[in-house]
Amino acid sequence: MLLLGFLLVVLIKPYYRNDRIKTIDVISATMESLLLNDDVDEKDIESAARTVIGNNVCAIIYNENGKNIYYPPDSLGQLCMLDKPITVGEELFTIRQEPLKMIELIKRENPFSTTILSQYADLEMLLYGKQIKTNLANYYLILNTPLEPVESYIDFILNQYLYIAAIVVFIALLVALFLARRISSPIIKMKDEANKLAQGDYDVKFETNSFSEINDLASTLDDATDKLSKVNDLRKDLVANVSHDIKTPLTMIKAYAEMIKDISGDDPKKRNEHLDVILEETEYLNKLVSDMAELSKLQSGVIEVKRDNFDLREATEKVVLLLSKAITERDTELILDLDDCVVYADEIKLSQVIYNFLSNALKYSDTGSKIKVRIRADEEKVRLEVIDNGNGISPEALPYIWDRYYKVDKNFNRSVNSTGLGLAIAKAILEAHKARYGVESKLGEGSTFWFELDRDYEEEN
Ligand code: ADP
């Protein structure tokens, strides 16, 4: 607004001057056509008079003899110089009283134009004269107009400008306030919430509002909060589990090492028993650490599924072979009911799933019980089941067994390598294969762990 005001003050005078000169040209052309026109009527004369009044000009037309033949009314009033003494060159005269002097000047220089000073208003005025020749006679058109805007006119424009500026500034303030409310304040709120988040408060909720960019930001931040909160839970979980699961075997190892040192060192039988415990605990620790590494790799997506065609029956038989020692030790009756079937999947990973299912069935069944592994294949899908007659799982525990570190019986026989990670690993692998999986179990009767793969995997790629 300041710039606009400045331009207005600086430019108003040259602009006005320019406009005046153009106006004189237009009026002169109108008058000329009026004189040259043979059938001029009242209307034409009236409209010519109106242009004169409307344009802040005074005009007069004389004939060759200095007779006033047209003197329309004007709006200049006291400013009009036609009946005031003026000085042009050396001469001082009044046009209305001595028109011939003016006609003389026009004859010398046609069109004639000069600036004179109005004593009355201290304004520069333009005096313009032109000879118009018609078939019948010569006429002399004399026009007069101020070249500068009168002070009151400038004041009026500036006043008007000040009002407009005040209104514009007021509206701009309102708009700015509105925008500040709608944009800045939610962003400030978000910043506060983000600060809370940085302090570890994961319950923050980022508010949305009607601007889609702010909504996007809010939902991205909510998403980030969610993920951070999960990572935080995972971290707490991990620390709790690791400290528990690693601390117990370490305590055992330390205790037995001390026992060997202080008591059983010289007794080979006892020493061997104690060393066996140490070895078993070390083995457990080893398995725990490698299971943790495996699961974290699977969950972070570092390991990709390397699919290939392989026979699921053969893979299952290889797993059985790996577990054969445990099977014989536990005197388990293993029934294999396996359809031949080629699947398109990651053999090593699926074998790991079968291994985890089967080793669980062994772990959680009594010695001498029956375990059945079954593969059923049809055109569309392959289903593998590991059925045991073991402890079974209570309905309350059932939804959690696939979670990391979940163990139904926290104190159950640690030495049989129960890390609580086996099913979580199986779940991650099966989900990476987009397989369906599940468990049916009844407490005291046994469990059936199963997964199902679509056979059209085979055709893929
Ligand atoms: P773990 O290393 O403890 O076996 P898993 O993730 O393999 O960990 O299993 C989680 C829990 O689910 C086990 O602690 C156990 O309580 C229960 N579970 C798994 N398989 C069976 C099964 N075949 N029979 C009974 N309970 C089972």
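See the structure printed just above.
Residues numbered from 1 in each chain as written. Predicted model: local features only at pLDDT ≥ 70, side-chain atom pairs only at ≥ 80, totals over all residues. Heavy atoms only, no water.

**Q** Account for helix 7 (residues 312-322), with residues named and values stated.
**A** Note on helix geometry: an α-helix contains 3.6 residues per turn, so any two residues three or four positions apart are oriented the same way. Of all the residues in helix 7, the buried ones are Leu312, Ala315, Thr316, Val319 and Val320. All buried residues of helix 7 fall inside an arc of 145° around its axis, so they share one side. Exposed side chains of helix 7 directed beyond 90 degrees from the buried face belong to Lys318 and Leu321. Residue Asp311 occupies the N-cap position of helix 7, its side-chain oxygen lying 2.8 Å from the main-chain nitrogen of Arg313. (Buried < 20%, exposed > 50% of the residue type's maximum accessible area, 1.4 Å probe, protein only. Helix = DSSP H or I, 4+ residues; strand = E, 2+ residues; numbered from the N terminus. Arc of directions from axis to C-beta. Polar contact = N/O pair within 3.5 Å; in protein donor to acceptor, adjacent residues only side chain to side chain.)

**Q** Describe the pattern of salt bridges, listing the residues and the values that go with them.
**A** All told, the structure shown has 27 salt bridges when counted by the stated rule. Here Glu329 makes a salt bridge to Lys325, at a shortest N to O gap of 3.9 Å. Of the two residues, Glu329 and Lys325 both sit in helix 8 (residues 324-329), 4 residues apart, roughly one turn of that helix. Judged by its relative accessible area of 58%, Glu329 is exposed. On the basis of relative accessibility, which here comes to 60%, the residue Lys325 falls in the exposed class. Residue Asp346 is joined to Lys349 by a salt bridge in which the shortest nitrogen-to-oxygen separation is 3.3 Å. One salt-bridge network, held together by shared partners, links Arg374, Arg383, Glu385, Arg436, Glu452 and Asp454. (Salt bridge = Lys/Arg side-chain N within 4 Å of Asp/Glu carboxyl O.)

**Q** Lay out the sheet that holds strand 9 (residues 333-338) in plain terms, naming residues and giving numbers.
**A** The strands that make up a sheet pair up through hydrogen bonds in the backbone, lying either parallel or antiparallel. The 5 strands lie next to each other as 9-11-12-14-13, forming an open sheet whose pairing is mixed. Two strands bound the open sheet, and with one partner strand each, they are strand 9 and strand 13 (436-442). Strand-to-strand, the axes of this sheet are offset by a mean angle of 10°, without reference to chain direction. Running at roughly 170° to strand 9, helix 7 makes contact with strand 9, strand 11 (370-377) and strand 12 (381-388) of the sheet. (Pairing = 2+ DSSP bridges. Axes fitted to C-alpha atoms, helices over the stretch in contact; angles between N-to-C directions. Contact = heavy atoms within 4.5 Å.)

**Q** Quick rundown of the state of the cysteines? Include the residues and the values.
**A** Among covalent bonds in proteins, the disulfide is the one between the sulfur atoms of two cysteines. Evaluation of the coordinates by the stated rule reveals 1 disulfide. There is a disulfide in this structure between Cys58 and Cys80, and the S-S distance comes to 2.1 Å. Disulfide Cys58-Cys80: the torsion about the S-S bond is 90°, which places it as right-handed. Here Cys80 lies in the loop between strand 2 (68-70) and strand 3 (85-88) and Cys58 lies in strand 1 (residues 58-63), a separation of 22 residues in the sequence. Cys80 gets classed as buried once you look at its relative accessible area, which sits at 2%. (Disulfide = S-S within 2.5 Å.)

**Q** I'd like to hear about the packing of helix 1 (residues 2-36) against helix 4 (residues 151-198), residue by residue, with values.
**A** Following both chains from N to C, one finds helix 1 and helix 4 inclined at 155°, their axes separated by 11 Å at the closest point. By the angle between their axes, helix 1 is roughly antiparallel relative to helix 4. Crossing geometry of helix 1 relative to helix 4 is assigned as right-handed. Facing helix 1, whose interface residues are Leu2, Leu4, Gly5, Leu8, Val9, Ile12, Lys13 and Tyr16, helix 4 presents Tyr153, Ile154, Ile157, Leu158 and Tyr161. Considering only residue class, the contact of helix 1 with helix 4 consists of 11 nonpolar, 1 polar and 1 charged. (Parallel < 35°, antiparallel > 145°, perpendicular 65-115°, else oblique. Left-handed = near helix turned anticlockwise from the far one by under 90°. Nonpolar A, V, L, I, M, F, W, Y, C, P; charged D, E, K, R; others polar.)

**Q** I'd like to hear about the pairing of strand 7 (residues 138-146), residue by residue, with values.
**A** Burial runs high along strand 7: 9 of the 9 residues are buried. Side chains Asn138, Tyr140, Ile142, Asn144 and Pro146 project from strand 7 onto one buried face, and the interleaved Tyr139, Leu141, Leu143 and Thr145 project onto a second face that is buried too. Pairing geometry for strand 1 and strand 7, over 6 bridges, is antiparallel. Of the residues in strand 7, the one forming a bridge with Cys58 is Asn144. Pairing of strand 6 (residues 123-133) with strand 7 involves 9 bridges; the strand directions are antiparallel. Within strand 7, the position partnered with Leu126 by the bridge is Thr145.

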